[in-house]
Amino acid sequence: MISKYFDDFNKKIVKKRKTAANKKTKSAAKKTSGKGSSAGKKTTEQIKFDLKLFSEKLNNIIPAFLQIASVKPIDSSGFSPSGADLIAYKPFCRDIIEIMDGYIPYESVYGTYHIEPALNKSDLGSLLGRVAAVKRLNTSAENPEGGKSVVVPAFIVIGETSFSIRDIKNEIINFYIEKSVNSDFEFDILIIWNKGIIVKNWREKRSFIALETGEDTMLWFFILMNEYLDVEKNVEPDFRQYLKKDITYKEY
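Computed from a prediction, not measured in an experiment: that's the story for all the values here.

A. Summary view of the nonpolar core. Residues Phe54, Tyr113, Trp193 and Met218 are the most contacted members of the largest nonpolar core, which totals 28 residues. Elements supplying a minimum of two residues to this core: α1 (2–13), α3 (51–59), β5 (86–89), β7 (109–118), β8 (154–160), β9 (189–192), β10 (196–200) and α7 (217–229). With 5 residues, α7 is the single largest residue contributor to this core. Those residues in contact with Met218 that lie beyond four places of it in its chain are Phe6, Phe9, Asn10, Phe54, Leu58, Ile61, Ile191 and Trp193.

Structure representation (structure tokens):
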């Protein structure tokens, strides 16, 4: 039942293709010249991650009161980080994106998605840094209620990597410690397609749980992701805070 759905989900989102790369050296080229040899050619398998289709499919497996789009979030201070590929948001009205000129107000944002079709270990720090930047939304904006800002959940989706789940987890912890990243700005769930999932352990600081979930990875992402998304924040955008017009109207 549920497993069959996500087996099909996997097949549609990620396409594998074989490519031939010529790795011949100059000396090898001399030896094989004129003989029609294919020596030095290596067949590799590349993954093509369909972001558009992934966005469309995600819309079908998140709570019905939310939508997903490739738009930028913004808070009332004007801060709008560009590190998220997709945003899960509650549409205040049908034209909210047009009204906000392509942005989504922070209060309407329920989750952010950060997509990496292929991840090298050297790129991991940059990825985590982008997540932390987006998580800073609303930390410098005025809060009329005087309460603490609710940090938006961040989900990382990696198409492929040559590194193990354990190695990735250790690199993540090392990065957060070395950069002294506020624990509120750490990601919440990271998945490596058909390989495994890493989840932030909120009971302890600098703690993550890594699981080798194989082909069940998207299934578990669906379950865990929706535990973060299926909540009501009970707050709507205060559009007075987003109106940046300094003008005095005639009053009668």
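B. Examining the packing of helix α5 (residues 121–135) against helix α6 (residues 165–178) more closely. Between α5 and α6, the shortest axis-to-axis distance is 10 Å and the interhelical angle comes to 50°. By the angle class used here, α5 and α6 are oblique. In this structure, the crossing between α5 and α6 has a hand that is right-handed. Facing α5, whose interface residues are Lys121, Leu124, Gly125, Leu128 and Gly129, α6 presents Ile168, Glu171, Ile172, Phe175 and Tyr176.

C. The pattern of salt bridges, seen in detail. Taken as a whole and judged by the stated rule, the model has 8 salt bridges. Across the pair Lys12 and Asp8 runs a salt bridge, and its minimum N-O distance is 3.2 Å. With Lys12 and Asp8 both in helix α1 and 4 residues apart, the pair spans about one turn of that helix. Judged by its relative accessible area of 36%, Lys12 falls in the partly exposed class. Accessibility expressed as a relative area gives 35% for Asp8, which makes it partly exposed. Measuring nitrogen to oxygen at the nearest pair gives 3.9 Å for the salt bridge that ties Glu56 to Lys52. With Glu56 and Lys52 both in helix α3 and 4 residues apart, this pair spans about one turn of that helix. The class for Lys52 is exposed, based on a relative accessible area of 62%.

D. How the structure looks around α5. In a regular helix each residue adds 1.5 Å, so 15 residues correspond to 21 Å; α5 covers 22 Å between its end C-alpha atoms and thus fits that length. Structurally, α5 contributes buried residues whose contacts are with β7, β8 and α6.

E. Focus on the confidence of the model for the protein. On average, residues of the protein carry a pLDDT of 85, and 84% of them reach 70 or more. Below a pLDDT of 50 lies the segment residues 22–39, which in the model reaches 8 contacts outside its immediate sequence neighbourhood of four places, other chains included.

F. The sheet that holds β9, seen in detail. The strand order across the open sheet built from 7 strands is β3-β5-β7-β8-β9-β10-β11, with neighbouring strands paired in mixed fashion. The strands lining the two open edges of the sheet, one partner per strand, are β3 (67–69) and β11 (208–211). Ignoring strand direction, the axes of neighbouring strands in this sheet form an average angle of 15°. With 4 bridges joining them, β9 and β10 adopt antiparallel strand pairing. Within β10, the position partnered with Ile191 by the bridge is Ile197.

G. Up close: the environment of Tyr89. Summarising the element assignment, Tyr89 is placed in strand β5. A relative accessible area of 5% means that Tyr89 is categorised as buried. Not counting the four nearest positions on each side in its chain, Tyr89 is found in contact with Phe65, Leu66, Gln67, Ile68, Ala69, Ile96, Ile97, Ile104, Ser108, Val109 and Tyr110.

H. Representation of the packing of aromatic side chains in the model. Under the definition given, this model contains 14 aromatic pairs. Both rings, one in Tyr113 and one in Phe155, keep their centres 5.2 Å apart while their planes meet at 45°; by these two values the pair is tilted. Remark: Phe155 occurs in strand β8 and Tyr113 occurs in strand β7; sequence separation between them is 42 residues. A relative accessible area of 0% means that Tyr113 is categorised as buried. Counting every residue linked through ring pairs, the aromatic cluster contains Tyr5, Phe6, Phe9, Phe54, Trp193 and Phe222. One cation-aromatic arrangement involves Lys200 over Trp202; the distance from NZ or CZ to the ring centre is 4.4 Å. One Lys or Arg, Lys233, reaches over the ring of Tyr110 and ends 5.0 Å from the middle of that ring.

I. Representation of the pairing of β8 within the structure. Among the 7 residues of β8, 6 are classified as buried, and the element is accordingly described as predominantly covered. Sheet analysis places β7 next to β8, joined by 6 bridges and oriented parallel. Considered in β8, the bridge of Ile115 is made with Val157. Where β8 lies against β9, 4 bridges are found, and the strand directions are parallel. Each bridged residue has a counterpart across the sheet, and for Ile158 the counterpart in β9 is Ile192. Handedness of the β8-α6-β9 crossover: right-handed.

Rules and cut-offs
- Residues numbered from 1 in each chain as written.
- Predicted model: local features only at pLDDT ≥ 70, side-chain atom pairs only at ≥ 80, totals over all residues.
- Heavy atoms only, no water.
- Core = buried A, V, L, I, M, F, W, Y, C linked by side-chain atoms within 4.5 Å.
- Buried < 20%, exposed > 50% of the residue type's maximum accessible area, 1.4 Å probe, protein only.
- Helix = DSSP H or I, 4+ residues; strand = E, 2+ residues; numbered from the N terminus.
- Contact = heavy atoms within 4.5 Å.
- Axes fitted to C-alpha atoms, helices over the stretch in contact; angles between N-to-C directions.
- Parallel < 35°, antiparallel > 145°, perpendicular 65-115°, else oblique.
- Left-handed = near helix turned anticlockwise from the far one by under 90°.
- Salt bridge = Lys/Arg side-chain N within 4 Å of Asp/Glu carboxyl O.
- Expected span 1.5 Å × (residues − 1).
- pLDDT = per-residue confidence, 0-100.
- Pairing = 2+ DSSP bridges.
- Phe/Tyr/Trp six-rings, centres within 6.5 Å; stacked < 30°, edge-to-face > 60°.
- Lys NZ or Arg CZ within 6 Å of the ring centre and 35° of its normal.
- Right-handed = clockwise from strand over helix to strand, strands pointing away.

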